[in-house]
Amino acid sequence: MSKHADSLPDDLVELGRVASAYGVKGWIKVQPHSAQADVLRAVPRWWLAMPVPAGRASPAPRAYAVQQCRVHGASAVAQLEGVADRDQAEALKGASVWVPRAAFPKAADDEYYWVDLIGCAFHSNAEGADRRLGVVAEVFENAAHAILRVVCQDADGQPLLDAKGRPREMLVPFVRAHIHAVDLAARRIDSDWPLED
């Protein structure tokens, strides 16, 4: 397998997982973690991290030059340098696929990479207020649009708990009807989401 001597980037983002070998010539099939799998096609090198049993130290991810990559339904299929047959491709099954954030193509105006939204403070300007409701913990896709999973917080940034002691959450559609502004530099999202008592 091709192991490049590149130093490990400090901004790696996990974008998917190797689901299986694809064909007999060493191609792999990757299941992306989000609908923004275009990044996988756009970057020339991936870092793969093999799964390890519990209790063992994880080895550093290894860099592989991407020779070809294309969309295949909801997945991506790719040929990596040094992976020449089905057995070598099958040996990568379960590996997580990482890409440096700096290598992502520039997003268009009013478009955002989901990874950049995670950790942003979520504010509501409903009823003339400016109240921080929580922080974005996850972004996922439903049939129509992206959804923000917001962990609710009090004014001091502490998680609010439900009756069973679990962190309270809100699911907010990431659509113009609710999202008024995204300021990635300030790590802030403004919305008209209803205030809760």
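Every value quoted in this text rests on a predicted model; they were computed, and no experiment measured them.

Regarding the pairing of strand β3 (residues 45–49)
Now for step 1: Taking burial as the measure, the five residues of β3 include four buried ones, the bulk of the element.
Now for step 2: Of the strand pairs in this sheet, β3 and strand β4 (residues 62–72) are connected by four bridges, and their pairing is antiparallel. If you follow Leu48 over to β4, its bridge partner there is Arg62.
Now for step 3: Relative to strand β6 (residues 96–100), β3 runs antiparallel, the two sharing three bridges. From the neighbouring strand, Leu48 faces β6, where its bridge partner is Val97.

Some details on unusual backbone geometry
Now for step 1: The residue Glu127 is not glycine, and still its phi comes out positive at about 55°.
Now for step 2: Phi at Arg187 takes a positive value of approximately 55°, unusual for a residue other than glycine.
Now for step 3: A relative accessible area of 32% means that Arg187 is categorised as partly exposed.

Criteria and thresholds
Residues numbered from 1 in each chain as written. Predicted model: local features only at pLDDT ≥ 70, side-chain atom pairs only at ≥ 80, totals over all residues. Heavy atoms only, no water. Buried < 20%, exposed > 50% of the residue type's maximum accessible area, 1.4 Å probe, protein only. Helix = DSSP H or I, 4+ residues; strand = E, 2+ residues; numbered from the N terminus. Pairing = 2+ DSSP bridges.

Limitation: the analysis is restricted to geometry and does not speak to function.
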